[in-house]
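# Understanding the architecture of this molecule
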Amino acid sequence: MYELRPAWQPRGACGTRRTVADVSAVASADTPVQVYSSRLGGWGTAAGTPVAAAFIAGVYGLAGTDSATPAGKRLYAASRYLNDITAGSNGACGGGDICTAVRGYDGPSGMGTPNGTGAF
């Protein structure tokens, strides 16, 4: 709401302002991941934004790229290494690409989900 849109991010419903998502990962409680914690007594499940954020951070780590190019900018230049999300929404905010997935860039999923580390 406050940041100017960088030149490398496609113009969306926010006009000259930056939208948040550049890339996405599932954060639904319907699709948890298995985690192990000896402190908590073994295996359990976890879901949500912390899991998705850790997953994306791991993909960036695996890619091992330097910081010469802003991380977000790399995603837009290498979208062929991302799975485009074309269905779904993040609420009932009136439609449009700011809250509904469309082909290419959209508010809920950015450029999509990782398909390897090529975009990172």
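Just above, that's the structure.
Thresholds, definitions, all that
- Residues numbered from 1 in each chain as written.
- Predicted model: local features only at pLDDT ≥ 70, side-chain atom pairs only at ≥ 80, totals over all residues.
- Heavy atoms only, no water.
- Helix = DSSP H or I, 4+ residues; strand = E, 2+ residues; numbered from the N terminus.
- Contact = heavy atoms within 4.5 Å.
- Areas by Shrake-Rupley, 256 points an atom, 1.4 Å probe, with all protein chains shown as cover.
- Lys, Arg positive; Asp, Glu negative; His and termini not counted.
- Charge placed at Lys NZ, Arg CZ, Asp CG, Glu CD.
- Expected span 1.5 Å × (residues − 1).
- Buried < 20%, exposed > 50% of the residue type's maximum accessible area, 1.4 Å probe, protein only.
- Arc of directions from axis to C-beta.
- Core = buried A, V, L, I, M, F, W, Y, C linked by side-chain atoms within 4.5 Å.
- Phe/Tyr/Trp six-rings, centres within 6.5 Å; stacked < 30°, edge-to-face > 60°.

Secondary structure summary: the chain contains two helices and four strands in total. Secondary structure elements in the chain, listed N-terminal to C-terminal, are β-β-α-α-β-β. When the backbone C-alpha atoms are referred to their principal axes, the chain occupies close to 50 × 40 × 25 Å. Put simply, of all contacts in the chain between residues at least 6 apart along the chain, 52% involve residues at least 24 apart. Carbon and sulfur atoms make up 56% of the accessible area of the chain, which amounts to about 7500 Å² in all. Across the chain, the mean location of the 9 positive side-chain charges is 6 Å away from that of the 7 negative side-chain charges.

Attention now moves to helix H1 (residues 49-63). Between its first and last C-alpha atoms H1 spans 21 Å; for 15 residues at 1.5 Å apiece the expected length is 21 Å, and the two agree. Inspection of H1 places Ala 52, Ile 56 and Val 59 among the buried residues, and these make up the whole buried set. Viewed along the axis of H1, the buried residues span an arc of 55°, placing them on a single side of the element. What points out from H1, more than 90 degrees from its buried face, is the exposed set Pro 50, Gly 61 and Leu 62. Its buried side turned inward, H1 meets strand S4 (113-114).

Let's shift gears to the nonpolar core. Val 23, Ile 56, Val 59, Leu 75, Tyr 76, Ala 78, Leu 82, Tyr 105, Met 111, Ala 119 and Phe 120 together form the largest nonpolar core, which totals eleven residues. Mapped onto this core, the elements with two or more residues apiece are H1 and helix H2 (71-77).

What follows covers the packing of aromatic side chains. One pass over the structure, following the stated rule, counts four aromatic pairs. Ring centres of Tyr 60 and Phe 120 lie 4.8 Å apart, and the angle between their planes is 90°; this geometry places the pair in the edge-to-face category. With Tyr 60 in helix H1 and Phe 120 in the segment after S4, this residue pair connects regions lying 60 residues apart in the sequence. Under the relative-accessibility criterion, Tyr 60 is labelled partly exposed at 23%. With a centroid separation of 5.9 Å and 40° between ring planes, the pair formed by Tyr 76 and Tyr 105 is classed as tilted. Taken together, the residues Tyr 76 in helix H2 and Tyr 105 in the loop between strand S3 (82-83) and S4 connect sequence positions 29 residues apart. Pair check on accessibility: Tyr 76 and Tyr 105 agree, each one buried. In textbook terms, an aromatic cluster arises when at least three aromatic residues are bridged by ring pairs, as seen for Trp 8, Tyr 76 and Tyr 105.

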